[in-house]
Structures are given as C-alpha cells and as structure tokens.
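The primary structure of each chain is shown beneath.
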Amino acid sequence: MSVTSEKLSPAILAEFRAIVGSGNIVTNADELLVYECDAYTLEKNLPDVVVLPKTTEQVAAIVKVCAAHNIAFIPRGAGTNLSGALLPIEGGVFIALTRMTKILSVDYRNRRALVEAGCVNAWVTNAVKSRGFFYAPDPSSQSACTIGGNVATNSGGPHTLKYGVTTNHVLGFEMVLPNGEIVWLGTQPEGGEDVGGYDLRGAVIGSEGMFGIVTQVLVRLTRAPQAYKTLLAIFESVDEASQTVSDIIAAGIVPGAMEMMDQLITQAVEAAYHFGFPLDAGAVLIVELDGLSAGLERQAARILEICRNNHSREVRVAKTEEERALLWKCRKRAFGAIGRLSPNFLTQDGVVPRSKLPEIMRFIRATSERFQLRIPNVFHAGDGNIHPLILYDEREPDQVRRAVAAGEAILGKCVELGGSVTGEHGVGVEKIDFMAKQFSKEDLDAMRTLRSVFDPEMRCNPHKMFPGSKRCADFAPKKQASA
Ligand SMILES: Cc1cc2nc3c(=O)[nH]c(=O)nc-3n(C[C@H](O)[C@H](O)[C@H](O)COP(=O)(O)OP(=O)(O)OC[C@H]3O[C@@H](n4cnc5c(N)ncnc54)[C@H](O)[C@@H]3O)c2cc1C
C-alpha cells in the first residue's frame, strides 16, 4: 500500500464527509476515473478522493484536515488545463471548486463583480452584457473553464492582444492558504483599487494552483465596445497570413483579436460547423476591430489594403452579429473539431516574437514531415502565441514517442527564436524539463523560495513546474522480480 493510501484511511475520509456531506465526495474508483487527467491526456493517475466543498469555510476545513495528516491536495476547476497541471502524481486529495459557482454581487458603479472561484468564465459576461459590460479575458474554453482556474493559469485568449490577460482584470481574491488560513489579497470588494505593500495578488496569479486555493474573485468589468468589425481574410499560404499579422501591427493598428487557422484545422472546423470556409485555402485569418464606430471603417480599409498587399485571395466582413458569433464559435471550438482527424492530440503552447511567426510556422511544417505526424495549427497570431496540435494515436507507442519528440522540438525552437515555452497553458508536468532551458538556476531558486512562502511543506499541487519533480512512475508500485 502506498504512503498516500495509508494516509487516506476510512477515518480521514469520514472527516471529509463530516465537512461536506456524503453527497459531495467521490471515492468510488469508477467515478474517480473522470479525474485521472486534465486536457493533457498523455499521463494519467487517479486521485485518492475528490471533495466538492460549497463554501470557503468548507475549503478551509478540508485543507486543515490535509495539513493535520500531511496529505497533498490539488485545487481543481473545470479540468480544462492543457499541460497536466492537475495530474495527481502521487494521488492525494482533489479539492474541486465546481460547486462554488455563484456570482455574489455586481457593482456597476465601480465596474467590478465578486464571483465564487468555480463560476464559469462565460457566465460573468452573460450576467452583465445587458448593461453594456463584459469580462475581457476570454479563453477559447470559456464556456467551461472557471474563474479560479483562469487566475491560477493567468489565462489569455483571442482578445489578449488588445485587452491583456487575467492579471489585468482581477482586482483581488480570497484564498485559503495550505495551512487552512483564509486571506484576502489585493483590492477588497468594498475597497479602493490601490492597496499598499507588495503585489501578492500578482504573485499568485499564474502560480498553477501551488500557492493555495482561490475561493472568491473580484473581477474588473469592461465597457463593451460601441461597434465591432470582424474580417475573415483568406490566404494561399501560412507565410502570407503571418506576414499580414506583422504588417497590421507595424501599421500601428491594434485589433481586438487576430487569430489564424491553417488548412488542416480549417477543413476540420468546416466539416464540424459548416461556416463556409474555403477548403483549399492555405490559411485563414480572423481580424476583429472594436471600439468607437467612427474610426473602424478607416482601420478596416487599411487592413484590407495590407491583406491585398500580402496576396489575400478574398476578405469577407461579417455582415451581422449572428455571422460574427458563428465565426467565433468556429474559432473557439476548433480544438473540438480535431476529434474528426485523430483519436488523440497534444496541444502545444509556445510563444515567439510576432516577426518570427513565418519562421516558426515553417519549422512546424518541417517537424510534421520529420516525425511523420499531422500538425494542424490554430492560434492567437496577434500575440505570437502558437498552438500546434500534434495528432497521434495513444494505442501506438511509437506515435506517442514521436508526438512528444515533435512537441519538444517545436518548444525548443520557440526558445531559440527568443520566445517562451508557454504563452497561457502553463508548465504543469508537460514542460518541466524546459524550465531549466528557459530559466537560470538562480531564477528557479527564486521561484522556489516564493513558493515556499505560501506552501512551506510543498503539499499544494506538488511535483509540478520545477525540474527534478517526481513523475507518476516514481510512485507506481514496483513490479516483483520474476523468480
Ligand atoms: C478547448 C480548450 C481551449 C483553451 N483555450 C485557452 C485559451 O484560449 N487561453 C488560455 O489561456 N487557456 C486556454 N485553455 C486552457 C485552460 O482552459 C485554461 O488554462 C483555464 O484557465 C483552466 O481553467 P479550469 O477551470 O479548467 O482549471 P483546471 O484545469 O481545473 O486547473 C488548472 C490549474 O489551476 C489550478 N486551479 C484551478 N482552480 C483553482 C482555484 N480555485 N484556486 C487555485 N488554483 C486553482 C489547478 O490546480 C491547476 O493547476 C484551453 C483549454 C481547452 C481544453
């Protein structure tokens, strides 16, 4: 029996049950299978138990039980993470926030809303759009992912180019520390925006669930733009589309979003959602302008000119709000369409300077040929954040090996081009080995020191992010040597 299982004795499970009630705890092995991985499906392991609290006090009580028995725990939102940040490497306790979903208050005068951490991202905008507001960070997973998960991964999305990432839209939050203490970091719900002292709010955002459990979040609301102009530019090649992205920014225009899909993903999306994308186009570029209606026509005309200079075959403009919504649905559900192409895929998340987009896209094509795997691309081109989707079949061990190697080659190239191994999906377990390539030992030591301020016993989402972390195999029962 593993150390963790010994710790999770019936008596400990009874303590959890006493806190949340027997309807809010999962111990059955079949049901635990749902939690064996997040959206990074290459590695899997079962947690020992999933506890689903409904209040901050319940979260704190569960965390105190974990502290008293020296048990590892992992905060969990919707499980859409793409880098294995939720992998329960040595089992342990999942504390899932998916029953804490309320929008607690909306303050239009001060443009902020207080929400529980399990609230789904899209629900915030849905709740305030009739009053002319929206919540700006819009990951493509926004119909499922939670605000707590967004805080922990500092999520971006298609509109990051103009509006920034989660940290730019979160004023403060309540958090349960790994010892069970409840703290508030950043702006208080009733407080002024500026708080003195170090920006611990900023330090926690993007910490991948390793500093504590966020339970309530005070988010900033943004005035919805007066008008949108959404264009679909069709190109013969990815190179021409990439050059267009660079030229638009060089012209001093900052669209709300610039998203690219190459031919393979466009074909899959068209088969799934029937938008009318041309199946023979090398790449399509979605460019969305937003703001005061007065200036949009002039900017759109300039973008049209830039597209033509880069030999675009055609540029379409969304004529109605329905057409715009359908275009975004196609883009945001593109990953879902991949099921038509392959049983499994590995989503990469590198960043390169925008001017290097043509080069990295050429490298991805060469990598696809080298490893004999298809690699469609759909990504936030405006901020140089690439998402190559490496297609493989997990039933073929050689394909798995080649998929991992192809991913490593692409991320290595991103670093070589002056970029980063993660734009928005985080490090998790997937990119641990790259941390030492991107950061010096001193940088990593400083990160470890910061982490230990919040979690000195390293029990909160352990074995993530840092080189030298243990993997599932290290905890697997050792096979008996055959006689
Ligand atoms: C189809 C698809 C599209 C995506 N598109 C984007 C995109 O455009 N931009 C982008 O940035 N990401 C994207 N992602 C990745 C993912 O959706 C985001 O990282 C999202 O923020 C994760 O939220 P979640 O609620 O699913 O968190 P989870 O996956 O449950 O957890 C993610 C991490 O956050 C921690 N965590 C979760 N909740 C809490 C909490 N309350 N307190 C402390 N830590 C917590 C977990 O421990 C884990 O480390 C996409 C994923 C998919 C599957």
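Heads up: these notes are all about the structure in this document. On a predicted model such as this, the values are computed, not experimentally measured, just so you know.

Focus: the overall build of the protein
For step 1, the next point in the chain: Scanning the protein from N- to C-terminus turns up 18 helices and 20 strands.
For step 2, the next point in the chain: For the protein, the C-alpha radius of gyration of 23 Å lies close to 23 Å, the compact-globule estimate for 483 residues.
For step 3, the next point in the chain: If you line up the protein on its principal axes, its C-alpha atoms span 70 × 65 × 45 Å.
For step 4, the next point in the chain: Relative to its full complement of 483 residues, the protein shows a buried share of 55%.
For step 5, the next point in the chain: For the protein, the exposed area adds up to about 20200 Å²; of that, 51% sits on carbon and sulfur atoms.

A word on the pairing of strand 5 (residues 103-107)
For step 1, the next point in the chain: Pairing between strand 5 and strand 6 (residues 112-116): 4 bridges, direction antiparallel. Residue pairing across strands places Ser105 opposite Leu114, the latter belonging to strand 6.
For step 2, the next point in the chain: Hairpin connection between strand 5 and strand 6: a loop of 4 residues separates the two successive antiparallel strands, and Arg111 in this loop has a positive phi of roughly 55°.

Some words on the site of the ligand
For step 1, the next point in the chain: Taken together, the neighbourhood of the ligand is formed by 36 residues, with Pro75, Thr80, Ser141, Thr146 and Ser155 sitting nearest.
For step 2, the next point in the chain: Between the ligand and Asn150, the relevant distance is 2.9 Å, taken from an oxygen atom to a side-chain nitrogen or oxygen of the residue.
For step 3, the next point in the chain: In this structure, Glu208 approaches the ligand through a main-chain N or O atom, which is 3.1 Å from an oxygen atom.
For step 4, the next point in the chain: Protein contact buries 95% of the 980 Å² of open area that the ligand shows by itself.
For step 5, the next point in the chain: Elements with a contribution of two residues or more to the shell around the ligand: strand 3 (73-76), helix 6 (147-153) and strand 10 (213-220).
For step 6, the next point in the chain: With 5 residues, the top contributor of residues to the shell around the ligand is helix 6.
For step 7, the next point in the chain: Residue-level mapping places the shell around the ligand at the junction of two domains, with at least three residues from each of domain 1 (103-223) and domain 3 (342-426).

Observations concerning the side chain of Glu424
For step 1, the next point in the chain: Among the structural elements, Glu424 can be located in the loop between helix 15 (397-416) and helix 16 (432-438).
For step 2, the next point in the chain: Arg331 is the oppositely charged side chain nearest to the buried, salt-bridge-free Glu424, at an N-O distance of 6.3 Å.
For step 3, the next point in the chain: Within the structure, the side chain of Glu424 is placed 2.9 Å from the side chain of His380, a separation counted as a polar contact.
For step 4, the next point in the chain: Side-chain polar atoms of Glu424 contact the side chain of His387, separated by 2.9 Å.
For step 5, the next point in the chain: Look past the residues within four positions of Glu424 in its chain and what remains in contact with it is Thr153, Gly156, Gly157, Asp349, His380, Asn385 and His387.

Side note on the sheet that holds strand 15 (residues 314-317)
For step 1, the next point in the chain: Taken together, the 5 strands give an open sheet; going across it, the order is 15-12-14-13-18, and neighbouring strands pair in antiparallel fashion. Two strands lie at the open edges of the sheet, namely strand 15 and strand 18 (378-379), each paired on one side alone.
For step 2, the next point in the chain: Note that strand 13 (residues 257-262) and strand 14 (residues 283-291) share 6 bridges and pair antiparallel. Each bridged residue has a counterpart across the sheet, and for Glu259 the counterpart in strand 14 is Ile286.
For step 3, the next point in the chain: Contacts between helix 9 (residues 238-250) and the sheet are confined to strand 12 (227-235), strand 13 and strand 14, with strand 13 contributing the most and set at about 170° to the helix.
For step 4, the next point in the chain: Against the sheet, helix 10 (residues 263-273) engages strand 13, strand 14 and strand 18, with an angle of about 90° to strand 13.

Observations regarding the pattern of salt bridges
For step 1, the next point in the chain: Across all of its chains, the model carries 25 salt bridges by this definition.
For step 2, the next point in the chain: Among the ionic pairs, Arg324 bridges to Glu288, the shortest N-O distance being 2.8 Å. One end of the pair, Arg324, is in helix 12 (residues 321-332); the other, Glu288, is in strand 14, and 36 residues separate them in sequence. With respect to class, Arg324 is no different from Glu288; both count as buried.
For step 3, the next point in the chain: Salt-bridge contacts for Glu305 lead to Arg302; the nearest nitrogen and oxygen are separated by 3.4 Å. In this pair, Glu305 and Arg302 are both assigned in helix 11 (residues 293-309), 3 residues apart and thus about one turn of the helix distant.

Quick notes on the rules
Residues numbered from 1 in each chain as written. Predicted model: local features only at pLDDT ≥ 70, side-chain atom pairs only at ≥ 80, totals over all residues. Heavy atoms only, no water. Helix = DSSP H or I, 4+ residues; strand = E, 2+ residues; numbered from the N terminus. Rg over C-alpha atoms; globule rule 2.2 N^0.38 Å. Buried < 20%, exposed > 50% of the residue type's maximum accessible area, 1.4 Å probe, protein only. Areas by Shrake-Rupley, 256 points an atom, 1.4 Å probe, with all protein chains shown as cover. Pairing = 2+ DSSP bridges. Near = heavy atom within 4 Å. Polar contact = N/O pair within 3.5 Å; in protein donor to acceptor, adjacent residues only side chain to side chain. Domains from an automatic or database assignment. Lys, Arg positive; Asp, Glu negative; His and termini not counted. Salt bridge = Lys/Arg side-chain N within 4 Å of Asp/Glu carboxyl O. Contact = heavy atoms within 4.5 Å. Axes fitted to C-alpha atoms, helices over the stretch in contact; angles between N-to-C directions.

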